[in-house]
Amino acid sequence: MTRHHHDTHADAFDGESARRYEARTSRLAWVYQAIARRIVPLLPEAGHLVDVGTGPGHLLLAIARLRPDARLTGVDVAPEMVRLANARADDAGVSVRVEAVVADVADLPLPDRCADLVTATMTAHHWPDLTAGLAEVARVLRPAGRLVVIDRRGTGPALRSAIAATLPGREVHRDIVWLRGLPAYRRWTIGQDRRST
Ligand SMILES: C[S@@+](CC[C@H](N)C(=O)[O-])C[C@H]1O[C@@H](n2cnc3c(N)ncnc32)[C@H](O)[C@@H]1O
């Protein structure tokens, strides 16, 4: 039987594919650095950031370098991605406060209300159930916590309605991120305070 759509979330990024993804995206370090610079003002002093679908941890490590005060947790369903992210944290000497764990976004091994900021870059369109994933994100976010989703343009409508269902009452901001003149991805920021976005 040929691989079908459902396989993509669990297997498509594991093993050799994870290593290929890391090699390909390592050239995009500047993109993750640019995203990290835009995101760090949303993280309070000594705050806890959770990066879901962290992959090899490019964003996780870019943020960790900018914010020595922060604690960071990466989550990914693919064990090889988690291994790569933890290896990056080791190399950077930050593994005491940066840890990646294997889990599905729809079943996060984290307590309620533990995160000041949740990030999800280029991963939401892979989740088999966007609403189930965002419901877990809503559970682990502190009441004043923020969610930043960066994803493909086409994911927008589904994301908007899933956000309305799981994070009611939160403001939703949407804009295009311009990175050195390239309109890279669309960004959705969900939070309560417009000023710092
Ligand atoms: C395109 S990569 C993006 C990785 C990283 N966020 C980045 O921007 O480089 C998508 C990642 O989402 C992960 N992923 C897909 N479905 C997931 C799920 N249901 N729960 C957690 N992670 C998931 C994949 O394993 C993969 O590492």
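Residues numbered from 1 in each chain as written. Predicted model: local features only at pLDDT ≥ 70, side-chain atom pairs only at ≥ 80, totals over all residues.

A look at the nonpolar core
Right, on to step 1. Counting residues in hydrophobic clusters, the biggest one holds 52 residues, and the most contacted among them are L49, L60, I63, V118 and V149.
Right, on to step 2. Here the element with the most residues in this core is helix α4 (residues 58-66); it accounts for six residues.
Right, on to step 3. With sequence-adjacent residues up to four places away left out, V118 is seen in contact with V50, V52, V137, V140, L141, G145 and L147. (Core = buried A, V, L, I, M, F, W, Y, C linked by C-beta atoms within 7 Å. Buried ≥ 20, exposed ≤ 12 C-beta atoms within 10 Å, placed from the backbone. Helix = DSSP H or I, 4+ residues; strand = E, 2+ residues; numbered from the N terminus. Contact = placed C-beta atoms within 7 Å.)

Notes on the site of the ligand
Right, on to step 1. Taken together, 21 residues are adjacent to the ligand, and F13, G53, G55, T121 and T123 come closest.
Right, on to step 2. For the shell around the ligand, the secondary-structure elements that each account for two or more residues are α4 and β2 (71-76).
Right, on to step 3. Class assignment for the residues of the shell around the ligand results in ten nonpolar, nine polar and two charged. (Near = placed C-beta within 6 Å. Nonpolar A, V, L, I, M, F, W, Y, C, P; charged D, E, K, R; others polar.)

Quick word on the confidence of the model for the protein
Right, on to step 1. Per-residue pLDDT for the protein has a mean of 88; in total, 90% of the residues score no lower than 70.
Right, on to step 2. Considering only residues more than four positions removed or in separate chains, one finds that residues 1-8, a stretch of pLDDT under 50, has three contacts.
Right, on to step 3. Across residues 193-197, confidence stays below pLDDT 50; counting only partners more than four residues off in sequence or on other chains, it has seven contacts. (pLDDT = per-residue confidence, 0-100.)

Section: α4
Right, on to step 1. Extensive coverage of α4 is indicated by the burial of seven of its nine residues.
Right, on to step 2. Regarding α4, the residues found buried are H58, L59, L60, L61, A62, I63 and A64.

Here we look at helix α5 (residues 79-91)
Right, on to step 1. When the terminal C-alpha atoms of α5 are compared, their 18 Å separation across 13 residues agrees well with the 18 Å that a helix rising 1.5 Å per residue should span.
Right, on to step 2. By the burial criterion, the buried members of α5 are M81, V82, L84, A85, R88 and A89. End-on, the buried residues of α5 take up no more than an arc of 160 degrees, which puts them together on one face. Exposed and oriented more than 90 degrees from the buried face of α5 are D90 and D91.
Right, on to step 3. Summarising the contacts, the buried residues of α5 are in contact with α2 (15-26), α4, β2 and β3 (98-102).
Right, on to step 4. Count one or two residues on from α5 and you reach G93, which has phi positive near 70 degrees. (Expected span 1.5 Å × (residues − 1). Arc of directions from axis to C-beta.)

Some details on unusual backbone geometry
Right, on to step 1. Located in the positive-phi region is A46, a residue other than glycine, with phi close to 60 degrees.
Right, on to step 2. Along the chain, A46 turns up in the loop between α3 (29-39) and β1 (48-52).
Right, on to step 3. C-beta crowding within 10 Å serves as the criterion here: with 10 such atoms nearby, A46 is assigned to the exposed category.

Some thoughts on the packing of helix α6 (residues 130-140) against helix α7 (residues 156-166)
Right, on to step 1. Put simply, α6 and α7 touch, their axes get as near as 9 Å, and they point 45 degrees apart. Judged on the interaxial angle alone, α7 and α6 are oblique. Viewed along their axes, α6 and α7 form a crossing whose handedness is right-handed. For the pair α6 and α7, contact is made by L130, T131, L134, A135 and A138 and by A158, L159, A162, I163, A165 and T166, respectively. (Axes fitted to C-alpha atoms, helices over the stretch in contact; angles between N-to-C directions. Parallel < 35°, antiparallel > 145°, perpendicular 65-115°, else oblique. Left-handed = near helix turned anticlockwise from the far one by under 90°.)

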